[in-house]
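Next come the chains, spelled out residue by residue.
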Amino acid sequence: MVGRVGEHQLTLDEAHRFPNNPVRIRGTLHWDILRLYAEVLEGLRTAARDAELTGIGIDSWAVDYGLLDATGALVGNPVHYRDVRTAGVLDQVVAHVTETDLYNITGLQQLPFNTIYQLASALGTPALNAASTLLLIPDLLAYWLTGEVGAEATNASTTQLYDVRARAWATGLADRLGLPAHVLPPIREPGQVIGPVLTEVADDVGIPTDLPVIAVGSHDTASAVVGVPAGDERFAYIS
């Protein structure tokens with residue numbers, strides 16, 4: 001989408017639309033993440049032909065992630081939250097940390113596909129053992145655009161590994177469950193500039209090399225809520 005901002009005005013125009021089809025490989029459902037990245041580039045390429053771009057922001061679904069090794073390479077295709085690998089894992093986790101403790105720390109509803117359960121299901125796998133960094137989907141796409149790693153706060157809050165009071169990773173919770181807290185990247189706040197697009201990306205797409213990628217509310221629901229036209233504190237919305 002191309003957004004144009006003026007005084008008391010925001011307009012959105014569709015630049016490029018594409019399907020997002022998961023792929024099942026050897027019994028596991030994956031996101032086709034390289035195809036999605038290619039479509040992001042095509043969207044930027046199309047948008048740049050009709051508008052003078054001044055910034056890029058990415059939001060997406062929550063909870064899912066890609067793993068990077070020590071060289072920054074992706075370790076396997078991100079697993080889709082609708083995959084069955086987390087079946088029964090919630091019960092295993094709450095046997096070590098109570099639901100009350102989980103909620104008091106993270107403020108998040110219990111959903112079997114939350115990142116905490118995905119990681120618990122992946123313990124001992126070669127991919128997780130090889131991982132140096134975990135990036136949620138919008139942060140992974142931003143990393144490929146800029147080379148910068150981090151985790152935007154609104155999406156981090158969907159992992160059930162984020163301490164909502166401390167506004168930081170709940171590393172103590174991860175340690176209690178034997179999860180590798182060292183893979184959790186630095187937290188970014190919405191509005192923070194992640195960095196300029198890499199020269200190779202800019203040259204390929206046809207955009208300025210100094211074009212900034214900005215950490216928007218990268219959980220799609222967070223961005224939607226920010227867009228609610230609330231004139232005062234007395235309002236309601238349905239998500």
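Structure shown above.
As the structure is a prediction and not an experimental result, all values here were calculated from the model.

Caption draft 1: Spotlight on the environment of A122. Tracing the backbone shows A122 in helix α4 (residues 115–122). The class of A122 is buried, set by a relative accessible area of 8%. Sequence separation of A122 and T86 is 36 residues, and the distance between their C-alpha atoms is 9.0 Å. When near neighbours in sequence (up to four residues on either side) are disregarded, A122 contacts Y65, R85 and L128.

Caption draft 2: Geometry of the nonpolar core. Ranked by internal contacts, the top residues of the largest apolar core, which has 31 residues, are I56, L145 and I207. Breaking this core down by element, the ones donating at least two residues are α1 (33–50), α6 (137–146) and α9 (199–205). If near-sequence neighbours (up to four positions away) are discounted, L145 is found in contact with Y37, L41, L44, I56, I58, P196, V197, L198, V201 and V213. L134, A151, A153 and W169 belong to the second largest nonpolar core, which has 30 residues in total.

Caption draft 3: Structural view of the side chain of E39. Tracing the chain through its elements places E39 in helix α1. A residue is classified by how much of its surface remains accessible, and E39, at 15% relative accessible area, is buried. A distance of 2.7 Å separates a polar atom in the side chain of E39 from a polar atom in the side chain of H16. When sequence neighbours within four positions are dropped, the list of residues in contact with E39 reads H16 and F18.

Caption draft 4: Quick look at the pairing of strand β2 (residues 9–13). In this structure, strand β1 (residues 2–6) lies alongside β2, joined through 5 bridges in antiparallel fashion. If you follow G3 over to β2, its bridge partner there is L12.

Caption draft 5: Expanded view of helix α3 (residues 99–106). Of the positions making up α3, those classed as buried are L102, I105 and T106. End-on view of α3: buried residues confined to an arc of 80 degrees, all on one side of the axis. Where α3 is buried, its residues touch α2 (89–94), α4, β9 (162–163) and α8 (171–176). Following α3 by one or two positions, G107 adopts a phi angle in the positive range, close to 65 degrees.

Caption draft 6: Main features of the environment of L123. One can find L123 in the loop between α4 and α5 (126–130). The class for L123 is partly exposed, based on a relative accessible area of 36%. When the C-alpha positions of L123 and W31 are compared, they lie 20 Å apart, and in sequence the two are 92 residues distant. Apart from residues no more than four positions distant in its own chain, L123 is found in contact with L128, L177, G178, L179 and P180.

Caption draft 7: Molecular detail of the pattern of salt bridges. Scanning all chains against the criterion turns up 8 salt bridges. In this structure, the salt-bridge partner of D101 is R176, at a minimum N-O distance of 3.4 Å. Of the two residues, D101 sits in helix α3 while R176 sits in helix α8, which places them 75 residues apart along the sequence. Using a relative accessible area of 29% as the deciding quantity, one classes D101 as partly exposed. Residue class for R176 comes out partly exposed when judged on its relative accessible area of 45%. Its salt-bridge partner being R167, residue E189 comes within 2.7 Å of it at the nearest N-O pair. Separated by 22 residues along the polypeptide, E189 in the loop between β11 (187–188) and β12 (193–196) and R167 in the loop between β9 and β10 (168–169) bring together distant segments of the chain.

Conventions adopted
- Residues numbered from 1 in each chain as written.
- Predicted model: local features only at pLDDT ≥ 70, side-chain atom pairs only at ≥ 80, totals over all residues.
- Heavy atoms only, no water.
- Helix = DSSP H or I, 4+ residues; strand = E, 2+ residues; numbered from the N terminus.
- Buried < 20%, exposed > 50% of the residue type's maximum accessible area, 1.4 Å probe, protein only.
- Contact = heavy atoms within 4.5 Å.
- Core = buried A, V, L, I, M, F, W, Y, C linked by side-chain atoms within 4.5 Å.
- Polar contact = N/O pair within 3.5 Å; in protein donor to acceptor, adjacent residues only side chain to side chain.
- Pairing = 2+ DSSP bridges.
- Arc of directions from axis to C-beta.
- Salt bridge = Lys/Arg side-chain N within 4 Å of Asp/Glu carboxyl O.

Read these as geometric descriptors, not functional statements.
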